[in-house]
Amino acid sequence: LWDDDSPEADLNVIFRLYETTSLKVRPGLNFIDITTNDLANYPFAYVAAAGRLLLSDADAAFLRHYMLNGGFIMADDFWGDEQWHHFYEQLKRIFPDREPVELTLDHPIFRTVFKFKKLPQIPSVGTFMQYRVPYDPGWPFIEKSHDPHYYAVYDDKNRMMMLICHNNHYGDGWEHEGDDQTYFDTFSEPLAYPMLINILAYTMSH
């Protein structure tokens, strides 16, 4: 849905899922427009740079139809209060009458396959290599703090339609796994890929 982190993140995810799971994954890339019926062929969609997302009325309508009919979206790669408010405005264009629900560590998605002892947080690779901190500084964190926040949007049957990963950048955890050994050892291997596997396992079984 968004071309940030592509194509390297996509290709690395495909390879790692093939390498570490029994999922049948198709090699290569397949870019589609969200306002086509092709979107219905994909049960899982990933939105990077969610804090810069801009939806037209048609985009919002297609995404609403997609999620209400079984599709799932993972929204990622945005930081701080300003980007949260921008994303929230776009979310309300999709679902004016639904609110995101914040998830705590006891939610099953954090222990479906891999059990996390704290909410995972993946910084952008450039930020980590410069500052060696697990979040991206430079954004206002007055309201939200710089800790990771996870939110879910549910349908009327309590099925999770969207997982929102605020103060996180999973895309870099996949795309830049080979840029820095410490980044790989600290974030890509123990957090970015295991949490993705949890998300996929949870959404496919619920």
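Just above, that's the structure.
What comes next is a walk through the structure.

Reading guide: rules and limits
Residues numbered from 1 in each chain as written. Predicted model: local features only at pLDDT ≥ 70, side-chain atom pairs only at ≥ 80, totals over all residues. Heavy atoms only, no water. Helix = DSSP H or I, 4+ residues; strand = E, 2+ residues; numbered from the N terminus. Polar contact = N/O pair within 3.5 Å; in protein donor to acceptor, adjacent residues only side chain to side chain. Pairing = 2+ DSSP bridges. Contact = heavy atoms within 4.5 Å. Axes fitted to C-alpha atoms, helices over the stretch in contact; angles between N-to-C directions.

1. Some details on the side chain of His-176
- Looking at the element boundaries, His-176 is found in the loop between helix H5 (170–175) and helix H6 (181–205).
- A distance of 3.2 Å separates polar atoms of two side chains, one belonging to His-176 and the other to Glu-175.
- Side chain to side chain, His-176 and Asp-179 meet in a polar contact 2.7 Å long.

2. Examining the sheet that holds strand S4 (residues 149–154)
- In spatial order, the strands read S1-S2-S5-S4-S3; together these five strands make up an open sheet with mixed pairing. The open sheet is flanked by strand S1 (44–47) and strand S3 (101–102), the only strands paired with a single partner.
- In terms of strand pairing, S1 meets strand S2 (residues 72–75) through four bridges, oriented parallel. Note that in S2 the partner of Phe-44 across the bridge is Phe-72.
- Contacting S1, S2 and strand S5 (160–166), helix H2 (residues 57–68) runs over the sheet at an angle of about 120° to S2.

3. Observations regarding the environment of His-65
- Relative to the elements of secondary structure, His-65 occurs in helix H2.
- Each C-alpha atom of the pair His-65 and Ala-40 lies 9.2 Å from the other, and the pair is 25 residues apart in sequence.

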